[in-house]
Amino acid sequence: MVRAVSRWQLFGLSINDVIGSGIYLLPAAAALLLGPASLWAVLLAGGAVALLVLCYAQASSYFDQPGGGYLYAREAFGPFVGFEVGWMLFLTRIASAAALSNGLAEAVTHFWPGAADGGVRIAIVVGSLAFLVIVNVVGVRAAARTGVFLAIAKLLPLLMFIAIGAMYVDSSMAAPLAGEIPLRDLGEAALLLLFAYAGFENLPAAAGEYRNPRRDVPFALLAMIATVTLVYFAVQWVALGTLPGLAQSQTPLADAAARFGGGWLALLLTVGATVSILGTNSNTIMLGPRYLHALALDGYGPRALASVHPRFRTPAVAIITLGVLSLALALTGSFVQLALLSVVARLFTYIGTAVSVLVLQRRHGDAPGAMQLPGGPLIPVLALLLSLGLLASAKPENLVAGAIALATGAVVFLFRRKPVAATTTPGQPLP
């Protein structure tokens with residue numbers, strides 16, 4: 001594959017991967033659980049993700065091969081643990097693409113009520129997935145440029161929402177210390193909001209197509225989490241302070257914008273939500289198949305999934321496979337159900353990466369150019385504990401679904417075939 005993606009394109013892709021449906025649809029769900037205290041949930045989720053981002057940034061500074069969390073777990077603990085992490089990462093991408101496709105249909109209901117169900121909803125889900133699959137099959141350059149364009153297009157409406165809405169905020173409605181904070185609901189809200197921050201873990205997955213992944217991936221990840229946390233906190237604050245019925249709103253940002261900015265701003269936020277969700281799903285369809293491709297190269301699944309298109313130089317079969325599976329799941333589940341399923345699967349992979357970093361620090365910590373985390377093992381240990389805490393906040397049925405997914409992966413692992421020969425040694429750190 002072609003190394004064509006630059007540092008600032010990676011930053012745009014990381015923003016595009018994280019800012020998606022969550023910030024447009026989840027402020028209401030968080031407000032329903034916590035009211036004004038949902039501001040603390042936004043910061044709690046952002047703090048937890050920042051620790052995880054640091055783990056991924058350090059691990060990515062050791063390797064220039066594709067695979068992300070799968071590669072890190074495999075190198076730290078061997079083929080089985082690595083496969084389980086890669087398997088859960090792939091399932092996460094399917095659930096995310098399905099959730100985002102449903103979220104796209106929900107986002108346009110503010111001005112197009114017919115998109116809520118029936119043939120129109122199906123057409124939006126199918127059409128958006130088909131478009132993104134085609135763009136990503138054509139080439140990584142086209143996918144990266146599309147992702148950066150959509151990242152800019154999604155940030156502008158949010159910044160206008162914050163800038164205009166800040167002048168209309170009722171501070172009594174957005175006071176996080178006004179009442180008692182329900183700790184149980186705080187954990188559940190943070191778990192749900194984690195979906196709004198998630199996606200960063202996919203950036204290292206396509207490292208084989210980045211110009212300088214060991215330097216540029218850590219930079220993009222750290223710049224992204226600072227930007228996104230600030231934007232999310234400001235958006236939640238404006239939504240709480242301008243929309244009295246926030247907890248009951250299906251399109252919270254558009255409804256809040258309509259109150260203080262009129263119909264034009266509500267339309268802009270609706271378009272922004274559509275572009276935002278489409279952009280995040282574009283990254284999902286771009287980066288998710290790289291997990292499947294990496295697994296197939298190592299002998300898991302049909303050999304065709306390891307192939308690269310002779311003209312476009314992309315893992316076309318893997319991209320199409322993810323698109324088809326995501327479509328099937330999207331047509332059978334709701335946004336919130338699929339979002340929670342995605343988050344639980346992600347947490348298993350976050351735990352795997354945090355533990356892997358503890359091992360990789362000892363093996364490759366002195367490698368030239370490797371990132372050094374302050375406190376040595378402290379940040380990975382805190383990231384592990386926070387991930388376990390968030391996982392404990394999940395509902396039993398979601399935990400059972402995660403356990404079934406891991407068990408299924410263990411069965412798939414047993415049918416490994418001979419790995420596909422590669423020109424580089426998988427997992428070998430750069431000198």
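Residues numbered from 1 in each chain as written. Predicted model: local features only at pLDDT ≥ 70, side-chain atom pairs only at ≥ 80, totals over all residues. Heavy atoms only, no water.

We now examine the overall build of the protein chain. From N to C terminus, the protein chain includes 15 helices and 0 strands. Taking 431 residues into account, the globule formula puts the C-alpha radius of gyration at 22 Å, and the protein chain, at 20 Å, falls close to it. Its C-alpha atoms give the protein chain principal-axis dimensions of about 60 × 50 × 40 Å. Per-residue burial for the protein chain yields a buried fraction of 59% across its 431 residues. Across the protein chain, the fraction of contacts at a sequence separation of at least 24, relative to all contacts at a separation of at least 6, is 85%. Total accessible area computed for the protein chain in this model is approximately 16000 Å², and 70% of it derives from carbon and sulfur atoms. (Helix = DSSP H or I, 4+ residues; strand = E, 2+ residues; numbered from the N terminus. Rg over C-alpha atoms; globule rule 2.2 N^0.38 Å. Buried < 20%, exposed > 50% of the residue type's maximum accessible area, 1.4 Å probe, protein only. Contact = heavy atoms within 4.5 Å. Areas by Shrake-Rupley, 256 points an atom, 1.4 Å probe, with all protein chains shown as cover.)

The next subject is the side chain of serine 282. As for its placement among the helices and strands, serine 282 is situated in helix H11 (residues 263-297). Setting aside anything within four residues of it in sequence, one finds serine 282 in contact with Leu132, Asn136, Thr146 and Leu150.

Here we take up the packing of aromatic side chains. Considering all chains together, one arrives at 16 aromatic pairs under this definition. An angle of 50° between the planes, with centres 5.5 Å apart, marks the rings of phenylalanine 161 and phenylalanine 260 as tilted. Of this pair, phenylalanine 161 sits in helix H7 (residues 140-165) while phenylalanine 260 is found in helix H10 (residues 252-261), placing the two residues 99 residues apart along the sequence. For the pair formed by phenylalanine 161 and phenylalanine 260, the shared burial category is buried. An angle of 25° between the planes, with centres 5.4 Å apart, marks the rings of phenylalanine 200 and tyrosine 350 as stacked. One end of the pair, phenylalanine 200, is in the loop between helix H8 (183-197) and helix H9 (213-242); the other, tyrosine 350, is in helix H13 (residues 335-364), with 150 residues separating them in the sequence. Using a relative accessible area of 1% as the deciding quantity, one classes phenylalanine 200 as buried. Residue tyrosine 350 is classed as buried on the basis of its relative accessible area of 0%. (Phe/Tyr/Trp six-rings, centres within 6.5 Å; stacked < 30°, edge-to-face > 60°.)

In this structure, arginine 313 is a non-glycine residue whose phi angle is positive, near 60°. Counting through the fold element by element, arginine 313 comes out in the loop between H11 and helix H12 (316-330).

Okay, the pattern of salt bridges next. Taken as a whole, this structure holds 6 salt bridges when the rule is applied. In this structure, arginine 7 engages aspartate 216 in a salt bridge whose closest nitrogen and oxygen atoms are separated by 3.1 Å. Here arginine 7 is found in helix H1 (residues 7-18), whereas its partner aspartate 216 is found in helix H9, with 209 residues between them in sequence. Accessibility expressed as a relative area gives 1% for aspartate 216, which makes it buried. As a salt-bridge pair, arginine 346 and glutamate 201 come within 2.7 Å of each other at their nearest N and O atoms. With arginine 346 in helix H13 and glutamate 201 in the loop between H8 and H9, the pair connects residues that are 145 residues apart, well separated along the chain. Accessibility assignment for this pair places arginine 346 and glutamate 201 in one class, buried. Overlapping salt bridges, with partners in common, bring together Arg7, Arg215 and Asp216 in one network. (Salt bridge = Lys/Arg side-chain N within 4 Å of Asp/Glu carboxyl O.)

Moving on, we come to the environment of alanine 266. Looking at where alanine 266 falls in the secondary structure, it is placed in helix H11. As a C-alpha pair, alanine 266 and valine 2 span 264 residues in sequence and 41 Å in three-dimensional space.

A separate point is the packing of helix H5 (residues 79-107) against H12. Where H5 meets H12, the closest approach of the two axes is 8 Å, and the angle between their N-to-C directions is 55°. Between H5 and H12, the angle falls in the class oblique. Judged by the twist between their axes, the crossing of H5 over H12 is right-handed. Across the interface between the two elements, Phe90, Arg93, Ile94, Ala95, Ala97, Ala98, Ser101 and Asn102 from H5 touch Leu322, Leu325, Ser326, Leu329 and Ala330 from H12. Tallied by class, residues from the contact of H5 with H12 come to 9 nonpolar, 3 polar and 1 charged. (Axes fitted to C-alpha atoms, helices over the stretch in contact; angles between N-to-C directions. Parallel < 35°, antiparallel > 145°, perpendicular 65-115°, else oblique. Left-handed = near helix turned anticlockwise from the far one by under 90°. Nonpolar A, V, L, I, M, F, W, Y, C, P; charged D, E, K, R; others polar.)

Our next topic: the nonpolar core. Phe161, Phe200, Tyr210, Leu221, Met224 and Tyr232 are the most contacted members of the largest nonpolar core, which totals 123 residues. For this core, the element with the most residues is helix H3 (residues 38-60), which contributes 14 residues. If near-sequence neighbours (up to four positions away) are discounted, methionine 224 is found in contact with Phe11, Ser14, Ile15, Val18, Val53 and Phe200. Formed by 21 residues, the second largest nonpolar core is a distinct cluster that contains Val125, Leu132, Ile285 and Leu322. (Core = buried A, V, L, I, M, F, W, Y, C linked by side-chain atoms within 4.5 Å.)

Here we take up the side chain of serine 61. Considering the arrangement of structural elements, one finds serine 61 in the loop between H3 and helix H4 (69-77). Judged by its relative accessible area of 1%, serine 61 falls in the buried class. The contact partners of serine 61, leaving out residues within four places of it in the chain, are Arg214, Pro218, Gly369, Ala370 and Met371.

The next subject is the packing of H3 against H9. Relative to each other, H3 and H9 sit at 175°, their axes nearing to 9 Å. Accordingly, the angle class assigned to the pair H3 and H9 is roughly antiparallel. Taken together, the residues that form the contact of H3 with H9 break down as 20 nonpolar, 5 polar and 1 charged.

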